[in-house]
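Here is what each chain is made of, one letter per residue.
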Amino acid sequence: MVIQTSSITDKSKPFEFRINKEQSSFHNRLLQHDLEKNYSGRQDNTNFGSSSSISFPVLQRTAEEKVLNSDRLTLERQKLTVCPVIDGEDHLRLLNFQHNFITRIQNISNLQHLVFLDLYDNQIEEISGVSTLRSLRVLLLGKNRIKKISNLENLKNLDVLDLHGNQITKIENISHLSELRVLNLARNLLTIVENLNGLDSLTELNLRHNQVSKDVDTLPRLQRLFLSFNNISSFEDILCLADSSSLSDITLDGNPIAQETWYKHTVLHHMMQLRQLDMKRITEEERRMASVAARKEEERKRESHKQTLLKEKKRLTICNIARQWEIQQNRIALVASLNQDKDNEPCQINGSAAYVFPEESRSLDTILSSAVQGLSVLESHLVEVEGDTLCLYGAGALECLDRNWSVQTAGIIVTVSFMFIEFDEIVQVLTKLKIKFPNSVHLKFKETNLVTLQQFNALAQMHRMEQLTVDPQGNPVVNFTLWKYYVLFRLNHFNLQKINGVKVTENDIVMAERLFGILAYVASSELPHYRMLSLFGESRRKQFHYLLEGKGKKSGIGSEESSDNRRNGGESTTRATLSYTTKDFHMEKLEEIKERKTFCQTYVENLVKEAADINMKNESLQKLWPQMFIELVRDAVIEIRNKNSYMKLCLQRITDQKQ
């Protein structure tokens, strides 16, 4: 069988194959994705014969062909399905099987001097049949069906290994190739770059069009690294390459990281040794700009990291405050439950109680201590200024009102937000609040235990208020249908604009007056005058006296007063009677009243006892007085019966007194 093969065009020039470790012309071809080589020349006759003893075709060349190309043989595009038996070609150095249909490497083990083997674009599924080719320097197996790198143990002199366009999923079994300088694994299925230890001579690594995302190993002599069109999304994934002093060219285009605005500046800043990036030469101006941009990016990242840490600390602190708040509320609920159960405790029957509480009998601190032990050691309160809003978390945050706030900071505060703080504790600092932050017109309450309408009375002491926000979370008072109308009625002198973000209308104000107007009248008429005077300031006291004297009973005086009060920002005298005292203040008052009651009771008891003693003595005197009078008269008569003796006795007594 005679087929046409291609050869070298220049007959007179003998073939010379060189591998220069410093620079090889073959490296330039490996930079292309297809790595196809163009072998062109004159047509030669090559005879394939068949032997009865074997099933493979046998290749035999004429003496003339051997003289022309003694050390090279090109069999590309011959539609070969197997490697033919090459007879009498022991000195062959270059063998080309490009663009055929070969499925297995075989029948070349006798070519001991073979240096270059090209099997590009075939159907090979396994690397085999090359273990005897110890002189092989270039092995091209691109665009095949190979799934695993194997059987390369004896090719220790291999200089170029091309496996691009296969189905390889793992880099393995090549760490012994210490002389390998070029490795092409483009267009495979790799996800991790590994097992490159031992490739100390590798200068070029092509990993284009894979699925690599991180962990790119460094190599001591690597100069060119091609990572285009992979899944690298973070610079930290390739940061180890910055330590490679030999790396001069790298490509990262087609990766997610290349879409970032900081991509080029960051790479150039950390890899100062690069000469080319994405196949483009790097100028000194680009390096300088990259250095400046990278410094700015580092500063931005540090600031971003700092803000992230602050946000995380804020989140943890708020969580800790919320847990402490929950424990406190559980404690209060448990105390209330215990007190209620104690009031309902039955009388003793036969010396023992009818029922007992096994858990509640322990100390309250003992019951709740286990819940506190698991808490992290974090701040128990937080004070934060966000724009024009002052956020206070936890009861300890109220102490910030005693700080020396700058005029500028205090002036910009418009909204004050309270979270995880008892409303009764907030009431005690409202006076400080209006002094420290004179421009604050919006109060927010969340988890503050607003449970009764009466608590809103305390807000009347604010300087001014335009908005009020009461979050349903932790404030049961919001569940009352008419709570907004009560707020509008009681805080009418503030002329509120919004409640919980909803604009207040004139109809709302009229409805509030209709619903609660009689309440203020009843409160002011039932309250004793001395109690009302204690609620008012000096100006209000004068107005109250004026009303009591009847000088303000002309028709229309009430509406005029109401309009004046709203205009001047003051509250009416009738509404001022609707006040609120905190639980602590109420308890203090109760204790004070109890102490006064005890003192008065003791004082009266002493007076009664003393009066009883006086009366008893008087009755005894009345009974004994007649007898005492008789004895006094008798003694006097006896004493003066002897006049001379009596006179001597008196003179003697006078004399003794003078002496």
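Residues numbered from 1 in each chain as written. Predicted model: local features only at pLDDT ≥ 70, side-chain atom pairs only at ≥ 80, totals over all residues. Heavy atoms only, no water.

A. The arrangement of the overall build of the protein chain in detail. When helices and strands are tallied, the protein chain shows 16 helices and 22 strands. By residue count, 36% of the 659 residues in the protein chain fall in the buried class. Looking at the protein chain as shown, the accessible area adds up to about 38600 Å², and 51% of this sits on carbon and sulfur atoms. (Helix = DSSP H or I, 4+ residues; strand = E, 2+ residues; numbered from the N terminus. Buried < 20%, exposed > 50% of the residue type's maximum accessible area, 1.4 Å probe, protein only. Areas by Shrake-Rupley, 256 points an atom, 1.4 Å probe, with all protein chains shown as cover.)

B. The pairing of strand 17 (residues 389–393), seen in detail. For strand 17, the tally of buried residues reaches 5 of 5 residues, placing the bulk of the element in the interior. Strand direction decides the pairing type here: strand 16 (residues 382–386) and strand 17, joined by 5 bridges, are antiparallel. Counterpart to L382 in the pairing with strand 17 is Y393. Between the end of strand 16 and the start of strand 17, which pair antiparallel, lie 2 residues, with G387 showing a positive phi angle near 65°. Where the polypeptide runs from strand 17 across helix 6 (residues 407–412) and back to strand 18 (residues 415–419), its parallel neighbour, the crossover connection is right-handed. (Pairing = 2+ DSSP bridges. Right-handed = clockwise from strand over helix to strand, strands pointing away.)

C. The arrangement of the pattern of salt bridges in detail. As enumerated under the stated definition, the model contains 12 salt bridges in all. For the salt bridge of D159 with R181, the shortest nitrogen-to-oxygen distance reads 2.8 Å. Within this pair, whereas D159 is found in the loop between strand 8 (138–140) and strand 9 (160–162), its partner R181 is found in the loop between strand 9 and strand 10 (182–184), the two being separated by 22 residues in sequence. When its relative accessible area of 1% is taken as the criterion, D159 is described as buried. (Salt bridge = Lys/Arg side-chain N within 4 Å of Asp/Glu carboxyl O.)

D. Just the sheet that holds strand 7 (residues 116–118), in detail. Spatial ordering of the open sheet is given by 4-6-7-8-9-10-11-12-13-14-15, a layout of 11 strands whose pairing is mixed. Pairing within the sheet leaves two strands with one partner each, and these edge strands are strand 4 (72–74) and strand 15 (280–281).

E. Looking closely at unusual backbone geometry. Phi at H99 is positive, roughly 55°, even though this residue is not glycine. The residue H99 is located in the loop between strand 6 (94–96) and strand 7 in this model. At N495, a residue that is not glycine, the phi angle is positive and equals roughly 55°. Checked against the element boundaries, N495 lands in the loop between helix 9 (483–490) and strand 21 (498–499). The exposure class of N495 is partly exposed, given its relative accessible area of 34%.

F. Inspection of the nonpolar core at higher detail. Core analysis: the largest hydrophobic core is formed by 66 residues, its most contacted members being L95, L117, L161, I174 and L183. Examining the composition of this core, we find that 3 residues originate from one element, helix 3 (residues 263–270), more than from any other. The residues contacting I174, other than those within four sequence positions of it, are I149, L152, L161, L183, N195, L196 and L199. Among the nonpolar cores identified, the runner-up in size contains 48 residues, and I421, F423, V429 and I509 belong to it. (Core = buried A, V, L, I, M, F, W, Y, C linked by side-chain atoms within 4.5 Å. Contact = heavy atoms within 4.5 Å.)

G. Main features of the packing of aromatic side chains. Applying the stated rule across the entire model yields 9 aromatic pairs. Relative to W483, the ring of F456 has its centre 5.8 Å away and its plane inclined at 20°; by these criteria the two rings are stacked. Here F456 is found in the loop between strand 19 (442–446) and strand 20 (467–470), whereas its partner W483 is found in helix 9, with 27 residues between them in sequence. Pair check on accessibility: F456 and W483 agree, each one buried. Ring geometry for F489 and F516: centres 6.2 Å apart, planes at 35°, overall tilted. Here F489 is found in helix 9, whereas its partner F516 is found in helix 10 (residues 506–526), with 27 residues between them in sequence. With relative accessibility at 11%, the residue F516 sits in the buried group. Linked through ring pairs, F418, F423 and F445 together constitute an aromatic cluster. (Phe/Tyr/Trp six-rings, centres within 6.5 Å; stacked < 30°, edge-to-face > 60°.)

H. Geometry of helix 9. Of all the 8 residues making up helix 9, 6 are buried; the element is thus mostly covered by neighbouring parts of the structure. Listed in full, the buried residues belonging to helix 9 are W483, Y486, V487, L488, F489 and R490.

I. Fine view of a nonpolar patch on the surface. Taken together, the side chains of L621, L624, W625, M628, F629, I630, L632, V633 and V637 make up a nonpolar region of the molecular surface, amounting to roughly 880 Å² of accessible area. Along the chain, L621 falls in helix 15 (residues 583–639). (Patch = residues over 30% accessible without salt bridge, like charges linked within 9 Å, V, L, I, M, F, W, Y side chains within 5 Å.)

J. Region of the structure containing the confidence of the model for the protein chain. Of all residues in the protein chain, 76% attain a pLDDT of 70 or more, and the chain-wide mean is 78. Confidence drops under a pLDDT of 50 for residues 1–54, and excluding neighbours within four residues, the segment shows 124 contacts in the predicted structure. Considering only residues more than four positions removed or in separate chains, one finds that residues 367–377, a stretch of pLDDT under 50, has 13 contacts. (pLDDT = per-residue confidence, 0-100.)

K. A look at the side chain of D118. Along the chain, the position of D118 falls in strand 7. Assessed through its relative accessible area of 0%, D118 is described here as buried. At 2.5 Å, the side chain of D118 forms a polar contact with the side chain of Q98. Polar contacts involving the side chain of D118 include one to the main-chain amide nitrogen of Y120, which spans 3.0 Å. (Polar contact = N/O pair within 3.5 Å; in protein donor to acceptor, adjacent residues only side chain to side chain.)

L. Up close: the sheet that holds strand 18. The mixed open sheet is built from 7 strands, whose spatial order is 16-17-18-19-20-21-22. In this open sheet, the two edge strands, each paired with only one partner strand, are strand 16 and strand 22 (502–503). Bridge count between strand 20 and strand 21: 2 bridges; the pairing is parallel. Opposite Q467, over in strand 21, you have K498 as the bridge partner.

M. View of the environment of R72. Looking at the element boundaries, R72 is found in strand 4. According to the relative accessible area criterion, R72 is buried, its value standing at 12%. It is 9.0 Å that separates the C-alpha atoms of R72 and F116, two residues lying 44 residues apart in sequence.

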